[in-house]
Amino acid sequence: GIGEYTTGFHEDPFYPCSFFFWMDMLGTASTAFEIAFLYGSDALLAETTVDPMILRTARIAKTAARAGRFLKITKCFQIMVTRQAKPTRQHDTARQLSTKLTLALSTKVSLLTILLVILVPTFKIGQYPEEDLSMKGWGRQLEQSYRDAYDTLQADLTLSETAKFAEVVEEMMVFYRSVTYFPYRLQGYQEDVIVANRSARILGAGLLKSRAAPVRRQNIRKQFAPECLLLRADCNSEGLAAVYFNFERSNRVEAGMEMLVSCFVILVMAVMTSDLSHTVDRLVVKPLERMLGTVREIASTIMGLFPEHIAASRERDDGDAAETCDETVLLERAFDKLSSLSAIYLQEKAVDDELMEDICDESKGVIVDLMMMERKQRQVVVQKTSTAEKITARATPHAVSSADDLPALPVELPFDKAIVESWALNLLGTTTEEKQKLTTYIFFDSAIGRYTGTRFAQVNLFNTFFGQIASRYNDKLPYHNFTHAVDVLHVVYRLLQLTFAKQWVPDVEMYALLVAALAHDIGHPGRTNPFLVEVGHELALKYNDASPLENMHCATLFDILSNSSTDIFKNLAAEGYKRARKVCVGTILHTDNALHFDMVKDLAKAYEVSTEHCERQALNGDDLLPLYRVDVLKKDSLLYLKLFLHLSDVSNPLRPFDICKPWAWCVLEEFFDQGDEEKRLGIPVGMLHDRDVVNKPGSQHGFINFLVAPLVFATIRIFPCLHPLAHQMAVNLQEWRNIWAAEVRPEAEALAKKDSDVKKATAIAEEFRARCSQVSRSSVMMNSISSHSNMSLSLSALDSPRPSFR
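Only a predicted model underlies this, so the values are computations on that prediction, with no experimental measurement involved.

> If you had to explain helix α19 (residues 507–519) to someone new, which residues and values would you point to?
Here α19 contains 13 residues, and its C-alpha end-to-end distance of 19 Å stays within 8% of the 18 Å for a straight helix at 1.5 Å per residue. α19 sits mainly inside the fold: 13 of its 13 residues count as buried.

In structure tokens:
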């Protein structure tokens, strides 16, 4: 048993807790019941009160378990034989598929076999001894004849003995002579008796003394008399007379039959397994091996054409080769690699150097096959362009403004630059001129602006555009006004800076995101989407109740851009314009809070598939690791741009509390205005809209805990550098809790719940901080890793913590 377990654990990673594992366990446990057979007869006596079917079922289950163990022996033997000839690397992955298929089929065959083992013995139901009523009848007959013999002695006092009982005993012995079991002892039928105060003998019990008793008690069957017709010392109210039967031979025959059945089933199983293995090999393994061989040959041929692109990935491939790989995963990797390599090959042969240089500058970090698609799309656009005016409008990709058009540098900021480059900027109460200077700085003079506004727009044109955007906002609204728009723009700018967006976001997309931030709430009426749908507002009717506000914001923005005097996208190439529009529409539509939790789910999925890269980046500080930059950020860049705008739109709880609090009052005041109108219209009042019911600090605690926190935590898992936001959010959560407790004076239970929320957020923020605090300990290691962009590294080797809030 130990040998089987050791071999199974060593050779088969699926063995623990598998079907064969439990069969081995059951089979091993069953051997404990055979110890009595080897070492003696101290087993319990099988009483007639025990249902024979239960005994038979237990024996059948034991036999079935042993059948499974016999199959394991054949598997161990197969392992020892096949180990001598290991498959080559070309065939090993296909063999793994064969092993999995064979294991699945073998399990089914084993289940079928055990079912047969259980069913075959049931055909014996109805045979001896289960339906043998003769033993009960002889028990009654013996008691009656013994009583008759006693009455004879009592009636004739001259008789000293009688053979009437002996005649019945002899008849019983003759009756059982033709079967495999027989009586060997009588209990309660003494030959020496006292009749009428004199000694006499009732012959018969001594006839069975020559019969052999079974060695094992389990072969003894004790048949009691139905009643005591003659009261005596050993047959009275405390006990009945009985006859003992020897079932040793019968049980041996039965055990032999069970062994034959097991052997037969194992033989059938071996034949079926061999046939199935041959079928799988013929139908699956060999064709798959031929296909994989062809794929590898083609891959080798293509790799030989451009070895410079393969050298960097060799370390990664060598590391993966040592791992057990599912066949389908291997095929997917192989075809993905062939597709990528083919794309590189075609690009290098078909695109001239000048166009390639332009593409790389515009789309740095975009994967090669997408660059091919862009090239084809751009050719189509040029072919469809018919007029000189259209060609001029979108001819030059990423046109750079002339020096005369650039603003005087540096822009005169109305705020300290250190405040602008922090989270402490408070725009409440600022003038339009101050907001315009800040916007101009972000678009033209900041580190982000030098790659966006400076390249794609002229200052005079942008100022006209800015005026149009500002005029479309309703500054009478407490919250969704132009100050909020510029505030969101500033937060987006900070996120782009802190996440080193220049390394993974194309310039035109950063530019589009800044534009979207400025216009994301343009024309906002101060009412929510559900309100517009409820009252049948024209926007809800126009956009079929689907994000009417956000659709209106997008439409208004591009209506402004349709005018050449305010079209700050006019210098973009056709393809650049498409990308800018895609970013603007996608990011603005995702500011709809109805899509909030979908975004949280998308972020969770992105983290799950890239956990190792994100955790390694957390240890690397400010330098973006190549794999993190390509496989995480560039892979889902549009998702993260949507995230940045949405997170900025709900970022008030992430600011210092002296900024967070007044913004929260603005939000609530606008909600309360809507609630007042809802009351006037007689429609349901929103849960946060009733100024007479809502507790302000309590509402902010819930807003942070249930809406903002999941988004922030999901964001920081992917962008470790943003972990200070979680700390500030936890601080603000504590502040709101304190204000709420002071105003409401709640019961202990309610207060404990709020404290639990604060404690949880604080703990997760601390985990995020600790996650990045290991940079100093691992900087040397990570610098070495970053120099080998494709090196595979186990996360557990770095012992980096993973935040537990999911």
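> Which residues make up the nonpolar core, and what values go with them?
In this structure, F465, I469, L557, I568, F569, Y640 and F719 are the most contacted members of the largest nonpolar core, which totals 106 residues. It is α19 that provides the largest number of residues to this core, a total of 11 residues. Look past the residues within four positions of F719 in its chain and what remains in contact with it is T499, W504, Y628, L633, Y640, L643 and F644. Core analysis: the second largest hydrophobic core is formed by 30 residues, V168, V193, V195 and V243 among them.

> Now, about helix α23 (residues 574–589): what can you tell me, with residues and values included?
Taking 1.5 Å of rise per residue, the 16 residues of α23 would be expected to cover 22 Å, and the 22 Å separating its terminal C-alpha atoms lies within 8% of that figure. Looking only at α23, the buried set comprises A574, E575, G576, R579, A580, V583, C584, G586, T587 and I588.

> Just give me the short version of the environment of A242, but keep the residues and values in it.
Locating A242 in the fold gives a position in strand β6 (residues 242–246). A242 sits in the buried class, given a relative accessible area of 1%. A sequence separation of 54 residues divides A242 from G188, and the C-alpha atoms of the two residues are 6.6 Å apart. Excluding residues within four positions of it along the chain, A242 makes contact with R185, L186, Q187, Y189, K222, Q223, F224 and A225.

> Can you lay out the sheet that holds strand β3 (residues 192–195) for me, pointing to particular residues and giving the numbers?
By definition, the strands of a sheet pair up through backbone hydrogen bonds, in either a parallel or an antiparallel sense. Taken in spatial order, the 3 strands make up an open sheet running β1-β4-β3, and their pairing is mixed. At either end of the open sheet lies a strand with only one pairing partner, and these are β1 (161–162) and β3. Here β3 pairs with strand β4 (residues 198–202) via 4 bridges, running antiparallel. Bridge pairing in β4 places V193 opposite A200. Contacts from helix α6 (residues 134–155) reach β1, β3 and β4 within the one sheet, and its direction differs from that of β4 by about 140°.

> Outline the state of the cysteines, supporting the account with residue identities and numerical values.
A full pass over the atoms with the stated rule returns 1 disulfide. For C228, the disulfide goes to C235, at an S-S distance of 2.0 Å. Taking the torsion about the sulfur-sulfur bond, which here is approximately -105°, the covalent link between C228 and C235 counts as left-handed. Of the residues examined, C228 reaches a relative accessible area of 17% and is grouped as buried. With a relative accessible area of 0%, C235 lands in the buried category.

> I'd like to hear about the pattern of salt bridges, residue by residue, with values.
Here the structure, examined in full by the defined rule, presents 23 salt bridges. Across the pair E143 and R232 runs a salt bridge, and its minimum N-O distance is 3.0 Å. Here E143 is found in helix α6, whereas its partner R232 is found in the loop between β5 (220–224) and β6, with 89 residues between them in sequence. Assigned by exposure class, E143 and R232 land together as buried. With a closest N to O distance of 2.8 Å, D690 and K679 form a salt bridge. You can see D690 sitting in the loop between α28 (657–681) and α29 (696–718) and its partner K679 sitting in helix α28, a full 11 residues away along the chain. By relative accessible area, K679 is classed as partly exposed at 36%. A single network of salt bridges, built from pairs that share partners, joins E161, E191, D192 and R201.

Cut-off values and rules
Residues numbered from 1 in each chain as written. Predicted model: local features only at pLDDT ≥ 70, side-chain atom pairs only at ≥ 80, totals over all residues. Heavy atoms only, no water. Helix = DSSP H or I, 4+ residues; strand = E, 2+ residues; numbered from the N terminus. Expected span 1.5 Å × (residues − 1). Buried < 20%, exposed > 50% of the residue type's maximum accessible area, 1.4 Å probe, protein only. Core = buried A, V, L, I, M, F, W, Y, C linked by side-chain atoms within 4.5 Å. Contact = heavy atoms within 4.5 Å. Pairing = 2+ DSSP bridges. Axes fitted to C-alpha atoms, helices over the stretch in contact; angles between N-to-C directions. Disulfide = S-S within 2.5 Å. Salt bridge = Lys/Arg side-chain N within 4 Å of Asp/Glu carboxyl O.

Purely geometric stuff here, so don't read any function into it on its own.
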